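# Chains, contacts and geometry: an overview
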Amino acid sequence: MGFARTCSVALVGVEGVVVEVQADLEPGVAAFTLVGLPDKSLSESRDRVRAAVVNSGGEWPQKKLTVGLSPASVPKGGSGFDLAVACAVLGAAERIDPKVLADIVMIGELGLDGRVRPVRGVLPAVLAAADAGYEQVVVPECTAAEAALVPGVSVLGVRSLRQLIAVLTDEPVPEEEPDETGRPDPMLAGLCVPGTGVGTGLGEAFDDAHALDLADVVGQASARTAVEVAAAGAHHLFLQGPPGAGKTMLAERLPAVLPRLTREESLEVTAVHSVAGMLPPGRPLVDIAPYCAPHHSATMQSLVGGGKGIARPGAVSLAHRGVLFLDEAPEFSTQTLDSLRQPLEAGHVVIARSAGVVRLPAKFLMVLAANPCPCGRHTLLGDGCECPPSVIRRYQARLSGPLLDRVDLKVEVEAVTRSELAGYGTRGESTRTVADRVRGARERAAARLAGTGWRTNSEVPGHALRTRWPAAPGALDAAELDLERGFLTARGLDRVLRVAWTVADLSGHDRPSAQDVALALQLRTGISRGVPMVIGAAT
């Protein structure tokens with residue numbers, strides 16, 4: 001009787017569970033049994049592994065073969081177990097020393113010719129292996145850079161099963177013929193989900209070479225200020241205005257204003273995009289804020305996550321540490337929009353399915369854009385709007401009060417005038433200039449919040465702001481009066497105070513003044529408080 005074991009990783013959401021892959025050979029009729037709660041794609045590995053071993057020059061054991069995946073209670077799916085199953089079988093057949101396999105984690109799909117193909121979710125899988133104490137990991141060669149992002153783990157990238165067998169048995173490593181030049185690499189096909197390429201609006205990240213410039217936006221001083229405040233404090237933003245005023249342009253330029261991700265944040269974002277199959281080829285680490293703009297026909301499952309079996313990341317997770325832009329927000333279904341309430345508060349989403357409960361990260365900056373009415377001309381000068389008042393009320397009511405109460409900044413985007421379009425010499429500030437101010441404000445907030453676990457003003461609870469970091473004396477009088485009049489909820493008052501701290505950080509103030517709170521109220525309610533919509537103008 002032959003027995004061998006090695007390890008692989010099962011992904012549950014964006015978290016991994018180390019799975020022990022055991023192979024047992026016994027005398028009897030030749031058969032291959034796979035146990036341990038595998039799904040359909042994993043059950044098919046029996047044929048892939050057999051063909052890969054034979055085509056790699058190995059001999060398939062003609063005995064009763066049982067492969068077990070432990071723990072059996074964890075659902076397992078995907079083709080990433082192929083490499084571990086093949087090596088466990090070869091170890092049970094004594095082609096490879098079983099002792100060598102015991103402490104190695106193997107991740108990869110096998111082609112029928114023995115090539116090792118990449119799979120999605122390599123980074124979270126290696127992170128799980130490192131957390132479990134494993135120090136050696138074998139992955140497909142084209143995902144070795146992604147796996148190497150995890151410190152303290154020795155990564156071996158292989159192109160074929162023959163190469164891995166040679167390494168494990170101390171034999172000369174054969175050279176694999178490279179693919180033909182000038183043709184797409186078929187090995188990269190396993191890293192991408194069909195339909196998630198450029199142009200879908202999912203997970204697109206803007207780098208420095210292709211960053212859209214805020215200077216391209218004509219006019220819109222108030223909206224530009226709101227974008228700057230939103231980026232500095234990670235506050236949610238609602239832009240309302242007629243078509244063609246620049247709402248989408250402002251939202252698309254927001255990711256370039258946000259600071260670059262820290263190392264910890266980059267690993268979180270990369271893990272989500274790796275599981276979703278949306279990592280750009282040749283870029284294993286996402287270090288800039290992601291941007292996700294789903295169409296208004298998106299379902300609840302595509303927005304918050306879900307699907308058959310184990311839930312997969314949705315748009316809110318793909319926008320983690322970045323921007324989630326919902327254009328034409330009233331056109332989304334009410335149920336879909338209201339499903340965002342919990343992620344907006346908690347920073348994560350918990351999805352319960354019959355196959356298990358998955359917790360996915362979802363700390364994003366939400367930007368809503370909407371027209372004032374179905375025709376979009378309700379706020380324009382003149383009598384251009386033909387929508388009845390009842391239709392306008394019904395259209396605007398599609399955005400529920402509890403959802404809008406979680407939005408810190410609400411700005412009316414006015415139509416661009418002819419003089420503004422013709423004023424080529426009066427361009428607004430560039431993205432780089434605004435991003436420098438945002439970075440300085442973030443640094444001041446980080447220094448103030450050091451040791452608390454909070455990073456931005458939007459994360460700080462209202463109680464902490466009122467007790468540990470109070471505003472200037474009398475600064476909150478106007479906001480408290482609005483609370484008494486019913487214009488603000490208790491949550492709204494806390495959010496006004498958070499925005500006021502962000503305005504103070506941008507203006508260089510030690511704590512919010514009455515002018516800072518007035519500007520925060522103006523951004524929150526849309527009602528003029530006599531303060532210019534320019535940062536620092538009231539100092």
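Here is a short report on the structure shown in this document.

Reading guide: rules and limits
- Residues numbered from 1 in each chain as written.
- Predicted model: local features only at pLDDT ≥ 70, side-chain atom pairs only at ≥ 80, totals over all residues.
- Heavy atoms only, no water.
- Pairing = 2+ DSSP bridges.
- Helix = DSSP H or I, 4+ residues; strand = E, 2+ residues; numbered from the N terminus.
- Axes fitted to C-alpha atoms, helices over the stretch in contact; angles between N-to-C directions.
- Parallel < 35°, antiparallel > 145°, perpendicular 65-115°, else oblique.
- Contact = heavy atoms within 4.5 Å.
- Nonpolar A, V, L, I, M, F, W, Y, C, P; charged D, E, K, R; others polar.
- Left-handed = near helix turned anticlockwise from the far one by under 90°.
- Polar contact = N/O pair within 3.5 Å; in protein donor to acceptor, adjacent residues only side chain to side chain.
- Core = buried A, V, L, I, M, F, W, Y, C linked by side-chain atoms within 4.5 Å.
- Buried < 20%, exposed > 50% of the residue type's maximum accessible area, 1.4 Å probe, protein only.
- Salt bridge = Lys/Arg side-chain N within 4 Å of Asp/Glu carboxyl O.
- Disulfide = S-S within 2.5 Å.
- Expected span 1.5 Å × (residues − 1).

## Considerations on the pairing of strand S1 (residues 2-12)
Where S1 lies against strand S2 (residues 15-26), 11 bridges are found, and the strand directions are antiparallel. Directly across from Ser-8, in S2, lies its bridge partner Val-19. Counting the residues that bridge the hairpin from S1 to S2 gives two residues, and of these Gly-13 lies at a positive phi of roughly 70°.

## Brief notes about the packing of helix H5 (residues 122-131) against helix H10 (residues 263-276)
Viewed as axis vectors pointing N to C, H5 and H10 meet at an angle of 120°, and their least axial separation amounts to 7 Å. Of the possible angle classes, the one that applies to H5 and H10 is oblique. Contacts from Val-122, Leu-123 and Pro-124 of H5 reach H10 at Leu-267, Thr-270, Ala-271, Ser-274 and Val-275. Per-class residue counts for the contact of H5 with H10 are six nonpolar, two polar and no charged.

## Side note on the packing of helix H21 (residues 490-507) against helix H22 (residues 514-525)
Close contact between H21 and H22 brings their axes to 8 Å; oriented N to C, the two are set at 125°. One way to sum up the angle between H21 and H22 is to call them oblique. Judged by the twist between their axes, the crossing of H21 over H22 is right-handed. Taken together, the residues of H22 that come into contact with H21 (itself represented by Gly-492, Arg-495, Val-496, Val-499, Ala-500, Val-503, Ala-504 and Ser-507) are Asp-516, Val-517, Leu-519, Ala-520, Leu-521, Leu-523 and Arg-524. The class makeup of the residues in the contact of H21 with H22 is 10 nonpolar, two polar and three charged.

## Observations concerning the side chain of Thr-456
Topologically, Thr-456 is positioned in the loop between helix H18 (431-448) and helix H19 (462-467). Within the structure, the side chain of Thr-456 is placed 3.2 Å from the side chain of Ser-458, a separation counted as a polar contact. Other than its neighbours up to four places away in sequence, Thr-456 contacts Gly-233, Ala-234, Arg-442 and Leu-449.

## Points about the nonpolar core
With 57 residues, the main nonpolar core has Val-229, Leu-237, Leu-239, Val-367, Val-517 and Leu-523 as its most contacted residues. The contacts of Leu-523, once residues within four sequence positions are left out, are Ala-226, Val-229, Asp-408, Leu-409, Lys-410, Val-411, Val-499 and Met-533. Val-19, Val-49, Leu-65 and Ile-96 belong to the second largest nonpolar core, which has 39 residues in total.

## A few points about the pattern of salt bridges
Side chains that differ in sign of charge can pair as their charged atoms come close. Taken as a whole and judged by the stated rule, the model has 27 salt bridges. Note that Arg-115 is salt-bridged to Asp-113, the shortest N-O span being 3.0 Å. Notably, a salt bridge pairs Arg-253 with Asp-216, separated by 3.6 Å at the nearest N-O pair. Separated by 37 residues along the polypeptide, Arg-253 in helix H9 (residues 247-257) and Asp-216 in the loop between strand S10 (204-205) and helix H8 (221-233) bring together distant segments of the chain. The network of salt bridges with common partners includes Glu-345, Asp-405, Arg-406, Asp-408, Arg-491, Arg-495 and Arg-524.

## Here's the deal with the state of the cysteines
Evaluated as defined, the whole model comprises zero disulfides. With no disulfide partner, Cys-387 has as its closest neighbouring cysteine sulfur the one in Cys-375, 3.6 Å distant.

## Quick look at the environment of Met-106
Residue position: Met-106 is located in strand S5 (residues 104-106). For Met-106, a relative accessible area of 0% translates into the label buried. Through-space distance from the C-alpha of Met-106 to that of Arg-442 is 41 Å; in sequence the pair is 336 residues apart. Not counting residues within four places of it along the chain, the set of residues in contact with Met-106 comprises Thr-6, Cys-7, Ser-8, Gly-80, Leu-83, Ala-84, Cys-87, Leu-101, Val-138, Leu-164 and Leu-168.

## Overview of H18
Across its 18 residues, H18 extends 26 Å between first and last C-alpha, which sits within 8% of the 26 Å expected from 1.5 Å per residue. Tucked inside the fold, the buried residues of H18 contact H8, H9 and H21.

## Section: the environment of Arg-162
With respect to the element layout, Arg-162 can be found in helix H7 (residues 161-168). On the accessibility criterion, Arg-162 (35% relative accessible area) is partly exposed. Sequence spacing of Arg-162 and Asn-55 is 107 residues, and the spatial spacing of their C-alpha atoms is 9.2 Å. Apart from residues lying up to four places away in sequence, Arg-162 is in contact with Ser-56, Pro-174, Glu-175 and Glu-176.

## Looking at the environment of Glu-94
Structurally, Glu-94 is set in the loop between helix H3 (82-92) and helix H4 (98-101). Given the relative accessible area of 67%, Glu-94 is considered exposed. Sequence separation between Glu-94 and Leu-521 is 427 residues, and the spatial gap between their C-alpha atoms is 73 Å.

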